[in-house]
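Survey of secondary and tertiary structure
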Amino acid sequence: MKVIVSDTPKELGITAARIAAEYLNGLISKKGYARIVVSTGSSQFETFEALIASDIDWSKVEMFHLDEYAGLPESHPASFRKYLKERFVSKVNLLAVNFVDGNPGIIQALSRKLLEKPVDLGLIGIGENGHIAFNDPPADFETKDAYILVNLSDTCKKQQVGEGWFANVDEVPKQAVSMSVHQIMQCGKIISCVPHAVKAKAVADTMNNDLTNLVPATILKNHSDWTLLLDKASAALF
Ligand code: GLP
């Protein structure tokens, strides 16, 4: 585990992109391609900004997507497909793009596609309640399925309302299609970009607790190549 504290979210994003670029470029020169899985959410804004400005041969990179609200149309402002198309996919020329479209019917086909080859790099955010992807506490640490249908907790829904993606908690979908915890842990390398003061408690809970599915991100400490990127505000409590 490596922890890097940057002064600002912008600096954090630049650091994340530098580490990701070095790793992806190394893989591309060794085996000709790389596979990544990406998070969304407000915490990832600066990382995507820096990634699209990086010197990476995106035409050799296949992208998978971490999670999406069940049944949410892409036209909704909170849609993560919309987010990724606007902030990443339209800005770089990726080898292939695999969205989670929020229709639980796609789980089998998407999982099959994902499991064809290992995923090299996971950019895995941490939510205010310590979730990774949409695996809210108490997270399922047991399932080996790659993508699962999960229920969203109240704390998770409140975060989404707090960030302005939905007007109130009743508007937040009750379920999401999410990469499972087990599958996230199969990424060859994991970089977690976790800026902002609202994440300080989740960061402290992650660092100060032993493995517990009540703080799902604690499992990342068991990964052999995990880098946690914080800014001063998110690092304040640990
Ligand atoms: C979000 C997203 C995930 C992200 C995580 C943390 O809700 N669905 O893709 O990794 O939770 O990000 P944020 O706190 O910015 O939402």
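Above this text you will find the structure in question.
Notes on the structure in this doc start here. (Residues numbered from 1 in each chain as written. Predicted model: local features only at pLDDT ≥ 70, side-chain atom pairs only at ≥ 80, totals over all residues. Heavy atoms only, no water.)

**Quick word on the pattern of salt bridges**
Overall, the coordinates contain 10 salt bridges when judged by the stated rule. Two residues, Asp57 and Lys60, come together in a salt bridge whose shortest N-O distance is 3.0 Å. For Lys60, a relative accessible area of 31% corresponds to the partly exposed category. One salt bridge connects Glu86 with Lys82, and the closest N-O pair in it is separated by 3.0 Å. Here Glu86 pairs with Lys82, and both are found in helix 3 (residues 80-89), just 4 residues apart, close to one helical turn. Since its relative accessible area comes to 24%, Lys82 is described here as partly exposed. (Salt bridge = Lys/Arg side-chain N within 4 Å of Asp/Glu carboxyl O. Buried < 20%, exposed > 50% of the residue type's maximum accessible area, 1.4 Å probe, protein only. Helix = DSSP H or I, 4+ residues; strand = E, 2+ residues; numbered from the N terminus.)

**Structural notes on the nonpolar core**
Formed by 43 residues in total, the largest nonpolar core has its most connected members in Ile36, Trp58, Tyr69, Phe88 and Ile191. Elements that contribute at least two residues to this core include exactly helix 1 (9-31), strand 2 (34-38), helix 2 (45-52), strand 3 (61-65), helix 3, strand 6 (121-123), strand 7 (147-151) and strand 9 (189-194). With 9 residues, the top contributor of residues to this core is helix 1. Judged by nonpolar contacts, the second largest core, of 34 residues, contains Phe64, Ala146, Ile190 and Ala217. (Core = buried A, V, L, I, M, F, W, Y, C linked by side-chain atoms within 4.5 Å.)

**A short note on the site of the ligand**
Around the ligand, the surrounding shell holds 17 residues, and the nearest of these are Ser43, Asp67, His131, Gln159 and Lys199. Here an oxygen atom of the ligand sits 3.3 Å away from a polar atom, N or O, in the main chain of Ser42. Note that an oxygen atom of the ligand is positioned 2.6 Å from one of the side-chain N or O atoms of Gln159. Contact with the protein chains covers 100% of the free accessible surface of the ligand, which is 370 Å². (Near = heavy atom within 4 Å. Polar contact = N/O pair within 3.5 Å; in protein donor to acceptor, adjacent residues only side chain to side chain. Areas by Shrake-Rupley, 256 points an atom, 1.4 Å probe, with all protein chains shown as cover.)

**Some words on the sheet that holds strand 4 (residues 67-69)**
The antiparallel open sheet is built from 3 strands, whose spatial order is 4-8-7. In this open sheet, the two edge strands, each paired with only one partner strand, are strand 4 and strand 7. Shown here is a sheet whose adjacent strand axes are inclined to one another by a mean of 20°, direction ignored. For strand 4 and strand 8 (residues 175-179), the ladder comprises 3 bridges, and the chain directions are antiparallel. Looking across to strand 8, one finds that Asp67 is bridged to Ser178. (Pairing = 2+ DSSP bridges. Axes fitted to C-alpha atoms, helices over the stretch in contact; angles between N-to-C directions.)

**A few points about the state of the cysteines**
Throughout the structure, instances matching the rule amount to 0 disulfides. Free of any disulfide, Cys187 has its nearest neighbouring cysteine sulfur in Cys193, separated by 13 Å. (Disulfide = S-S within 2.5 Å.)

**A look at the side chain of Glu46**
Turning to its location among the elements, Glu46 is positioned in helix 2. No salt bridge is formed by the buried Glu46; its nearest oppositely charged neighbour, Arg87, is found at 8.2 Å. (Lys, Arg positive; Asp, Glu negative; His and termini not counted.)

**Digging into a nonpolar patch on the surface**
There is a patch of nonpolar side chains on the surface, built from Met1, Val3, Val5 and Phe238 and spanning about 350 Å² of accessible area. One can find Phe238 in the segment after strand 10 (226-231). (Patch = residues over 30% accessible without salt bridge, like charges linked within 9 Å, V, L, I, M, F, W, Y side chains within 5 Å.)

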